[in-house]
Amino acid sequence: MTPLRAYVGSRTTRERQARGEGITVWEVDATGDLSRHQVLGDLVNPSYLTLNRQGDRLYTVHGDGEAVSVLAVDPLDGRLRLMQTQGCGGRNPVHLALDPQERFLIVSNHLSGNVAVLPLEAGGCLGPVSSLAHLPGTPGPHRIEQPFSKPHFNVFDPSGQWVLVPDKGLDRIFGFRFAEGQLLPADVPHAQVREGAGPRHLAFHPAGQWAYVINELDSTVTACAFDPASGALSPFQRVPSVPDDHTGDNRAAGILVDAPGRTVYASNRGHDSIAAFAIDAASGRLRPLGCVASGGRTPRFFALEPSGERMYVLNEDSDSITLLLVDPATGALRAGGRTAACGSPVCMVFSRPG
C-alpha cells in the first residue's frame, strides 16, 4: 500500500519572525506519526497549498509577495521539484483554489483587494493573470485590521458554479458565478456580517445548502443558508468560537466541515484551541461541543486526514504539528499524544500517491 503523505507550507521570512524552511513532505504511518521525507527550501513564505486531483502538481502562494508557484510531485516517492513561479496580480496572496475542471487557479490577494484568475497551461503550468475581480465596499471599524478590502479566502461551492470570498476588511462575503475563467458578481453580490467581525475563511456543508464563516476579529462563527441557484448567502446564526470564561485576546483563524457534514471545527489563536460544533441535520444550526487545546501556540491551520479519524493542528508560534483524535460517534476531539517539530507551519494538504 502506498503511504499517505502530507505537504506542509511554512512562513520563512525575518519580517514574519518565521522559522520555517519551505515546504516539508511528511510520510504518515498507521498510528498518525509524521516522519520527515523532504524539505524543499529556497521558497519565500510558501504558505497556502493545493494539490490537483491526480496528485502530481502542487500549487502554493508566496505570502507577502506577488507570486504563486507550481511544483511537480514525483509519482513514486512524492518528492517535490519547483517547475514555475508566476505573478498573481496583487500583493500578499493568501489563498488559492483550482476550479473543478482544473483549467484555472483562483488566488486571493490580501493587500490588493482583488481576486485573480490564472489559466492552467499544458503540464499544469500557469499562464499570466487573465482576469481580476475587485471587491468594493466601506471598510469596517477596526482601525488597524480594516483599512481597506482584504480578501482572505476563495472557495468553490459543491456545485462548482460559485466562488465565495470572505473579505476581512469590509465585513462582507462576496459571491461570484465562475464561467469560462471569469468571476461574475452574483445577483446578490455580497452578504454582510456584523461590523468589525472580520470574516476570514468559509467552509461549505457537503450538501451545499449551508456555509459556515469564521470571523477573525470578533472570534465568532456565522452559519449561513446558501442558494445554489442564485449564489446568495443568508446568515442565520452567530456563535462564539471561544468559551465564555476566556477573557483574554483571541483571533479566530481556520474552519472546516467534516466529510459526513456532521461537525464544524474552528481554530482559535490566543485561546489556542480547536472548537467543535455539531450541525443540526434539519436546520444547519450549530451546537457547541467544546474546545480542545491545540497543543501549541497560535493554531493558524488544521486539517483532517482522509479517513476523518485524525486531525493535525499547525501551531505557528510554537513550531509544531500536533495530533488530535476524532470521536467517530460524536465528532468531538481529544488529544492524540503526538507532536512533530516544524518551523512556522501554516498549511497542510494530503496526497496518497499511486
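Details of the structure are given in the entry above.
Visitor: How do you make sense of the side chain of Asn 154 when you look at a structure like this?
Guide: By the element assignment, Asn 154 lies in the loop between strand 11 (131-134) and strand 12 (155-156). Among the polar contacts made by the side chain of Asn 154, one reaches the side chain of Ser 108 at a distance of 2.6 Å. Beyond its immediate stretch of four places on either side in the chain, Asn 154 contacts His 95, Leu 96, Ala 97, Ile 106, Val 107, Ser 108, Val 163, Leu 164 and Val 165.

Visitor: What exactly am I supposed to notice about the state of the cysteines here?
Guide: Linking two cysteines covalently via their sulfur atoms produces the bond known as a disulfide. A full pass over the atoms with the stated rule returns zero disulfides. Residue Cys 291 stays outside any disulfide, its sulfur separated by 20 Å from that of Cys 224, the closest cysteine. Taking relative accessible area as the criterion, Cys 291 reaches 31% and is therefore assigned partly exposed.

Visitor: Quick question: what am I supposed to make of the sheet that holds strand 20 (residues 251-257) here?
Guide: The strands making up a sheet associate through backbone hydrogen bonding, with each pair oriented either parallel or antiparallel. Spatial strand order, 20-21-22-23: four strands in an open sheet with antiparallel pairing. Each of the sheet's edge strands pairs with one partner strand only, and the pair in question is strand 20 and strand 23 (286-293). Looking at each pair of strands side by side, their axes are set apart by 20 degrees on average, direction ignored. Across five bridges, strand 20 lies against strand 21 (residues 263-269) in antiparallel orientation. Within strand 21, the residue paired with Ile 255 across the bridge is Ala 266.

Visitor: How should the pattern of salt bridges be read in this particular structure?
Guide: Oppositely charged side chains may form a pair once their charged atoms are brought near each other. Applying the stated criterion across every chain, the model contains 18 salt bridges. Note that Arg 251 is salt-bridged to Glu 145, the shortest N-O span being 3.3 Å. With Arg 251 in strand 20 and Glu 145 in the loop between strand 11 and strand 12, this residue pair connects regions lying 106 residues apart in the sequence. Glu 216 is the salt-bridge partner of Arg 200, the closest N and O atoms lying 2.8 Å from each other. Taken as a pair, Arg 200 in strand 16 (residues 199-204) and Glu 216 in the loop between strand 17 (210-215) and strand 18 (220-226) lie far apart in primary sequence, 16 residues in all.

Visitor: Would you mind going over the sheet that holds strand 16 with me for this structure?
Guide: Taken in spatial order, the four strands of this open sheet run 16-17-18-19, and their pairing is antiparallel. The open sheet has two edge strands with one neighbour each: strand 16 and strand 19 (233-240). Taking each pair of neighbouring strands and ignoring which way they run, the sheet shows an average axis angle of 25 degrees. Examined bridge by bridge, strand 16 and strand 17 share five bridges and lie antiparallel to one another. Bridging across to strand 17, Pro 199 finds its partner in Asn 215.

Visitor: I would appreciate a short explanation of the nonpolar core in the present structure.
Guide: Nonpolar side chains tend to gather and get buried jointly when the protein is soluble and globular. Ranked by size, the top nonpolar core spans 43 residues in total, and within it Tyr 7, Leu 58, Leu 80, Leu 105, Ile 321 and Met 348 carry the most contacts. When residues no more than four places from it in sequence are discounted, the contact partners of Leu 58 are Tyr 7, Ile 23, Leu 49, Thr 50, Leu 51, Ser 69, Val 70, Leu 71, Val 73, Leu 80 and Val 349.

Visitor: Can you walk me through the side chain of Ser 69 in this structure?
Guide: Topologically, Ser 69 is positioned in strand 6 (residues 67-73). The class of Ser 69 is buried, set by a relative accessible area of 1%. Among the polar contacts listed, one links the side chain of Ser 69 to the side chain of His 62, at a separation of 2.6 Å. A polar atom in the side chain of Ser 69 sits 2.7 Å from the side chain of Thr 85. Every residue in contact with Ser 69, bar those within four places of it in the chain, is listed here: Leu 58, Tyr 59, Thr 60, His 62, Leu 82, Gln 84 and Thr 85.

Reading the values: the criteria
Residues numbered from 1 in each chain as written. Predicted model: local features only at pLDDT ≥ 70, side-chain atom pairs only at ≥ 80, totals over all residues. Heavy atoms only, no water. Helix = DSSP H or I, 4+ residues; strand = E, 2+ residues; numbered from the N terminus. Polar contact = N/O pair within 3.5 Å; in protein donor to acceptor, adjacent residues only side chain to side chain. Contact = heavy atoms within 4.5 Å. Disulfide = S-S within 2.5 Å. Buried < 20%, exposed > 50% of the residue type's maximum accessible area, 1.4 Å probe, protein only. Pairing = 2+ DSSP bridges. Axes fitted to C-alpha atoms, helices over the stretch in contact; angles between N-to-C directions. Salt bridge = Lys/Arg side-chain N within 4 Å of Asp/Glu carboxyl O. Core = buried A, V, L, I, M, F, W, Y, C linked by side-chain atoms within 4.5 Å.

Taken by themselves, the reported measurements are silent on function.
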